[in-house]
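Chain by chain, the residues run as shown.
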Amino acid sequence: GIQVEQSPPDLILQEGANSTLRCNFSDSVNNLQWFHQNPWGQLINLFYIPSGTKQNGRLSATTVATERYSLLYISSSQTTDSGVYFCAVDFFFGNEKLTFGTGTRLTIIP
Amino acid sequence: DVKVTQSSRYLVKRTGEKVFLECVQDMDHENMFWYRQDPGLGLRLIYFSYDVKMKEKGDIPEGYSVSREKKERFSLILESASTNQTSMYLCASSSQDRVTEAFFGQGTRLTVV
């Protein structure tokens, strides 16, 4: 069936380190979003990126739709980057619904 | 900036009570969604609405209903709350042009005792 898999499931880093989070998806997509869920539970939009590369400050994302994956890069991590990162995919045959990955829990240690 | 506001951050209700979770968005979005999030199960779509007075079942609608009387407001109703409805509830909205570019509220953590 259609799937969205994220890796790694957990990541613990020292403040200042860089990280790469991966999202693999099983079929063609119309859209892919990256979210950060902060410790209070809110999902914050990071990128709307069905293909290509985007950058926003210390964060950037790349989606290679033909190879069915997306990467989220976080540089110079800060403690406020801690939380769970989700990718969510609108599959081409998915009736315009988002399918969420299982998330990567990132913990930044001071 | 899109703002999606949920009426409560935390709620504690008793089994059998009728519970209303309210969500308001200020970006004139056509589409609104209710999800629940549970450990190990991720986010699951309960109901969505693409227009006033319109609603569609998501993946897990049982035990829930919704109301959308005004474009900016989407309510989730638990007719008779049960302990297995203890969860984090997340509301989202999106525009007609980008249906699946969703913007989320801050979440409501509901505990049914």
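Here, every reference points to the structure presented above.
Residues numbered from 1 in each chain as written. Chains lettered and ligands numbered in written order. Predicted model: local features only at pLDDT ≥ 70, side-chain atom pairs only at ≥ 80, totals over all residues. Heavy atoms only, no water.

Interface size, as often reported, equals the accessible area lost upon joining of the parts. Every contact between the two is made by 18 residues of chain B and, on the other side, 16 residues of chain A. Summed over both partners, the interface of chain B with chain A buries about 1600 Å², with 56% contributed by carbon and sulfur atoms. On the chain B side of the contact with chain A, Leu43, Thr100 and Phe104 of chain B bury the most area, a combined 34% of that side's loss. Viewed at the interface, chain A and chain B are joined by 6 residue pairs in polar contact (both at pLDDT 80 or more). Those elements that provide at least two residues to the side of chain B that touches chain A are β4 (31-38), β5 (42-49), β9 (87-94) and β10 (103-104) of chain B. (Contact = heavy atoms within 4.5 Å. Buried area = accessible area lost by both parts, 1.4 Å probe. Polar contact = N/O pair within 3.5 Å; in protein donor to acceptor, adjacent residues only side chain to side chain. Helix = DSSP H or I, 4+ residues; strand = E, 2+ residues; numbered from the N terminus.)

One covalent bond between the sulfur atoms of two cysteine residues makes up a disulfide. The full count for this structure, using the stated rule, is 2 disulfides over all chains. Cys23 of chain A shares a disulfide with Cys87 of chain A; S-S distance 2.0 Å. What sets the handedness of the Cys23 of chain A and Cys87 of chain A disulfide is the S-S torsion sign, and at about 75 degrees it is right-handed. Of this pair, Cys23 of chain A sits in strand β3 (residues 19-25) while Cys87 of chain A is found in strand β9 (residues 83-91), placing the two residues 64 residues apart along the sequence. Judged on exposure class, the residue Cys23 of chain A and its partner Cys87 of chain A are both buried. In this model, Cys23 of chain B is linked to Cys91 of chain B through a disulfide, with the two sulfur atoms separated by 1.9 Å. When the S-S torsion is -80 degrees, as for the bridge of Cys23 of chain B with Cys91 of chain B, the disulfide is left-handed. Linking Cys23 of chain B in strand β3 (residues 19-25) with Cys91 of chain B in strand β9, this pair joins segments that are 68 residues apart in sequence. In this structure Cys23 of chain B comes out as buried when scored by relative accessible area, which is 0%. (Disulfide = S-S within 2.5 Å. Buried < 20%, exposed > 50% of the residue type's maximum accessible area, 1.4 Å probe, protein only.)

Our next topic: the pairing of β9 of chain A. All names here are of chain A. In terms of residue burial, β9 counts as a mostly covered element, since 9 of its 9 residues are buried. Bridging between strand β4 (residues 29-37) and β9 involves 8 bridges; their strand directions are antiparallel. For Val29, the partnering residue across the bridge sits in β9 and is Phe91. Alignment of β9 against strand β11 (residues 104-109), held across 3 bridges, turns out to be antiparallel. (Pairing = 2+ DSSP bridges.)

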